[in-house]
Structures are given as structure tokens and as C-alpha cells.
Amino acid sequence: MTDVDELRRRTRELLAAHPPADTERLDFLRARFDAGLAWVHFPEGLGGLGLPRSLQVVVDAELTAAGAPDNDPRRIGIGLGMAAPTILEYGTEEQKARLLRPLWTGEEVWCQLFSEPGAGSDLAALGTRAVREGDDWVVNGQKVWTSSAHVARWAILIARTDPGVPKHRGITYFVCDMTDPGVEVRPLRQITGEAEFNEVFLTDVRIPDSRRLGEVGDGWRVAQTTLNNERVAIGGRRLPREGGMIGPVARTWRERPDLRTHDLHQRLMKLWVEAEVARLTGERLSQQLVAGQPGPEGAGMKLAFARLNQEISGLEVELRGEEGLLYDDWTMRRPELVDFTGRDAGYRYLRSKGNSIEGGTSEVLLNIVAERVLGLPAEPRTDKDVAWKDLAR
């Protein structure tokens, strides 16, 4: 029996034992994880079967055809796309066993405590401190632009544990319980009216050393696993043709001939082709992931994603004329996810402005592509061998 046949057999056994129509959603997801059909490339016992990542489509196709529920991946994208690969690579067996199942089923939402008011583009300059006290680390500092912090149970956190070494060293990676005393989440209202982002204040938060990922002082290397996966998660999503931002514009063009002009047609065609090229490139990147961990190529996809979203949403507002200036709802709310295509053109235009900042600014990603993909000389760095505590701030 081939791996494909075995996966189909296991999937049908799952469906027979837990019919989607008669099984509670969470019970079905837990059973799917326990059957090794959550992410088949993960090890046995951790939601997988140790099979090639490419075979996940076999399981997904069977479950979709049977009307089985999914785990709402957009709502738990940080956990799935960033925390899980990092935990799998650097976590202890106890950490994997405790954290991965409720992460995948969506019972526990994750957020990312990386960026700070003075350490965004230059993330390695972060100043949040973690000081060892016995078996705990006491953490003090501030994080910012934290998506989903208001609904998260867990956070992936990097903090400075040794200020006497250069900034890329002396950083350690932790898992932070967002319900612990000393964790305060405040909303950051955006230009869209929503507060999907947050700022997080950490005051004498005690994190057990058992929640550390990787070695003390090696947090920057661990964080690279997270960041590479983040860029792929943002820019490398698998989409159908006319998926994403280009879809609403193309539909408006077809349905509203009264809005068309020759100039808008030329611009739309150019962006349609670029969106399709980006989509196919994302497909190729997804196929490359089957062979291993994501590399710096994800930075290129994220760059394209940001630029295209901003140009396409701008064209959509212009195409709709006066209608494009309308906005459906400025009510202050704290959503659990971002829905780019479910709201109006004004929302898409405003929200896409953040695409060139979140997940690594476009300027930083251009440097990554230049140095790590194209092999160009690195920019001169005067702080490479200077202890973090001696840097000008």
C-alpha cells in the first residue's frame, strides 16, 4: 500500500468513527490531530505521521469532500505559521506534547511578542529584559504591533538576557503565558477604525525556565525560524486564480462597465498579470517547502504581497470613483482576524498600508533579498562588535 492509499484509508476511518454531521467541531479536530492527519509531515504523536508535506493535500481533499470542519486557519495563523514550526524545531518533548495539540485545534490562540517601540525594523536592538531568578525568568518591557494579543493564551517572546554582548547575541526565546500576572494588553486603534493590533506591557512577569525555547543567548537564531516562516505565511499563501486583492477589482470591472476607462484597463491588466505571477511564484515556494525549512526567498514573496496589495487597492478606490471614498463602519472593535476581501474598497485601501510594515518592513526585506538571495555585499555595520548596553539610544 502506498502512502497515498494509507492516508486515504486513515482519513476514511476517521470520518467513519467521527461523522462530521454528528460530531462536535472541536471533538472532530481533536480526533483528527490524534489520528496524525492534522499536519502529516509532523512526527507521530504530534498530529502527524512523518510523511512528506506534499501529501497533506490528500487528507485535505478527502475531508473537504466529506464536509469536515477545518481549524479556522486565518484565526490561528500566528500559531500555525510561526509558533508551531519553531516549537517543533527547538521545543522539548514536553513542550511539544503540551502546546501543539491545542494550538492546532484552535483551543489556544497565539500571538508574537517581538517588535518594540524602539526595535521594529532593527529588531535585534530590543530592550525587553529577562533576568534569571532561580528556576524563573523575570521579564520587564514593552512590545508593540501585537496581533491577536487580546484573544491569545500564549505568546512567542524574545527578550534580552545579556546586555553585555552585541545585540544579536544575548537574546533568549521564551513562551509567555498571556494570562500571567504582569501581562497587560492595550488596544492600538488603526486608521481603519479597528484595534486588531495591540501594545503589550510586561511588568515583573515570571516565566519558568521550562518555557524557554533553545539555549540561553541563542534566541536570535531561534527567532530566524519564526521570521522566515512568518514571511512565507504572509506572502506565500496558496490562492486560486483571482484570489486575494485582485479578485474584488476584477469582479467590479466585469460587473460595472460604466466605470471603465482605457487607462484603468491598462493598469488593471498590468496588475492582474503581476498578481498571477506572484500567485504562481507562491505555489512554487510552497512546493519548495516540501523539501525543508523556508529560507530567505520568503522575503521576496512578502515584498511582492505588500506592493501589489497597495497598488491594487489604490486602483480599486480610483475605479469606483465617489463610491470608493465611502467607508462602511468606523466603529472601534477588536477583531480576531483580518478580512481583506470581506469588507469594502475603503477598508482594503487603508488596511493595505500596513502590509509594507508588518512581518518585516519592505526596506529591511530588500536588504535580506540583496544579501541572502542575490549574494550582494552586506551594508557596513558599525555596531557589530559593540555590546548592546553601550549602543546609543
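All of these numbers come straight from a predicted model, not from anything done at the bench. (Residues numbered from 1 in each chain as written. Predicted model: local features only at pLDDT ≥ 70, side-chain atom pairs only at ≥ 80, totals over all residues. Heavy atoms only, no water.)

Another aspect to go through is the overall build of the protein chain. Scanning the protein chain from terminus to terminus reveals 11 helices and eight strands. Over its C-alpha trace the protein chain gives a radius of gyration of 22 Å, about what one expects of a compact globule, namely 21 Å for 393 residues. Across the 393 residues that make up the protein chain, the buried fraction comes to 51%. For the protein chain, long-range pairs separated by at least 24 residues make up 71% of all intrachain contacts whose partners lie at least 6 apart in sequence. For the protein chain, the accessible area works out to roughly 18,600 Å², and carbon and sulfur atoms hold 53% of it. In the protein chain, the 52 positive side-chain charges and the 60 negative ones have mean positions that sit 2 Å from each other. (Helix = DSSP H or I, 4+ residues; strand = E, 2+ residues; numbered from the N terminus. Rg over C-alpha atoms; globule rule 2.2 N^0.38 Å. Buried < 20%, exposed > 50% of the residue type's maximum accessible area, 1.4 Å probe, protein only. Contact = heavy atoms within 4.5 Å. Areas by Shrake-Rupley, 256 points an atom, 1.4 Å probe, with all protein chains shown as cover. Lys, Arg positive; Asp, Glu negative; His and termini not counted. Charge placed at Lys NZ, Arg CZ, Asp CG, Glu CD.)

With that settled, the discussion passes to the side chain of glutamine 190. Note on placement: glutamine 190 falls in the loop between β6 (183-188) and β7 (197-208). When near neighbours in sequence (up to four residues on either side) are disregarded, glutamine 190 contacts Ala195, Glu196, Phe197 and Arg351.

Okay, the nonpolar core next. Side chains of a nonpolar character, in soluble globular proteins, are inclined to be buried together. Counting 55 residues, the largest nonpolar core has Trp39, Trp110 and Met178 as its most contacted members. Of all the elements, helix α4 (residues 77-90) adds the most residues to this core, at seven residues. (Core = buried A, V, L, I, M, F, W, Y, C linked by side-chain atoms within 4.5 Å.)

With that settled, consider the pairing of strand β4 (residues 154-160). By the criterion of burial, β4 is predominantly enclosed, with seven of the seven residues buried. Neither face of β4 is open: one carries Trp154, Ile156, Ile158 and Arg160, the other Ala155, Leu157 and Ala159, and all of them are buried. Here four bridges tie strand β1 (residues 110-113) to β4, and the two strands are oriented parallel to one another. In the strand pairing of β4, cysteine 111 is matched with alanine 155. (Pairing = 2+ DSSP bridges.)

If you trace the backbone, serine 362 turns up in helix α11 (residues 362-373). Each residue touching serine 362, except ones within four places of it in the same chain, is listed here: Leu303, Ala306 and Ser356.

Working definition: two side chains of opposite charge can pair if their charged atoms are close together. In the structure shown here, the tally under the stated rule is 46 salt bridges. Here arginine 186 makes a salt bridge to glutamate 184, at a shortest N to O gap of 2.9 Å. A relative accessible area of 35% places arginine 186 in the partly exposed class. On the accessibility criterion, glutamate 184 (38% relative accessible area) is partly exposed. The shortest N-O distance in the salt bridge between glutamate 311 and arginine 307 comes to 3.3 Å. Here the residue glutamate 311 and the residue arginine 307 both occupy positions in helix α9 (residues 297-320), the gap between them amounting to four residues, near one helical turn. (Salt bridge = Lys/Arg side-chain N within 4 Å of Asp/Glu carboxyl O.)

Enumeration according to the criterion identifies seven aromatic pairs in this entry. The interplanar angle of 45° and the centroid separation of 6.4 Å between the aromatic rings of phenylalanine 33 and tryptophan 104 together place this pair among those described as tilted. Of the two residues, phenylalanine 33 sits in helix α2 (residues 25-34) while tryptophan 104 sits in helix α5 (residues 93-105), which places them 71 residues apart along the sequence. Of the two residues examined, phenylalanine 33 and tryptophan 104, each falls in the buried class. The interplanar angle of 20° and the centroid separation of 4.1 Å between the aromatic rings of tryptophan 39 and phenylalanine 42 together place this pair among those described as stacked. The residues tryptophan 39 and phenylalanine 42 share a single accessibility class, namely buried. (Phe/Tyr/Trp six-rings, centres within 6.5 Å; stacked < 30°, edge-to-face > 60°.)

Now for the environment of alanine 38. With respect to the helices and strands, alanine 38 occurs in the loop between α2 and α3 (56-65). Each C-alpha atom of the pair alanine 38 and valine 59 lies 8.7 Å from the other, and the pair is 21 residues apart in sequence. What alanine 38 contacts, discounting residues up to four positions off in sequence, is Arg32, Phe33, Gly47, Gln56 and Trp104.

You will see that aspartate 204, though not glycine, has its phi angle at about 50°, which is positive. Residue position: aspartate 204 is located in strand β7. Despite not being glycine, glutamate 242 shows a phi value in the positive range, around 65°. Tracing the backbone through its elements, the reader meets glutamate 242 in the loop between α6 (219-235) and α7 (246-255). On the basis of relative accessible area, glutamate 242 is assigned to the partly exposed category, the value being 22%.

Note on placement: asparagine 367 falls in helix α11. When its relative accessible area of 30% is taken as the criterion, asparagine 367 is described as partly exposed. When the C-alpha atoms of asparagine 367 and lysine 384 are compared, they prove to be 16 Å apart, with 17 residues separating the residues in sequence.

The element α7 is largely enclosed, with a buried count of seven among its 10 residues. Those residues of α7 that sit buried are Ile246, Gly247, Pro248, Val249, Ala250, Thr252 and Trp253.

This paragraph deals with the environment of histidine 265. Within the secondary structure, histidine 265 is located in helix α8 (residues 262-289). A relative accessible area of 30% means that histidine 265 is categorised as partly exposed. As a C-alpha pair, histidine 265 and leucine 325 span 60 residues in sequence and 20 Å in three-dimensional space.

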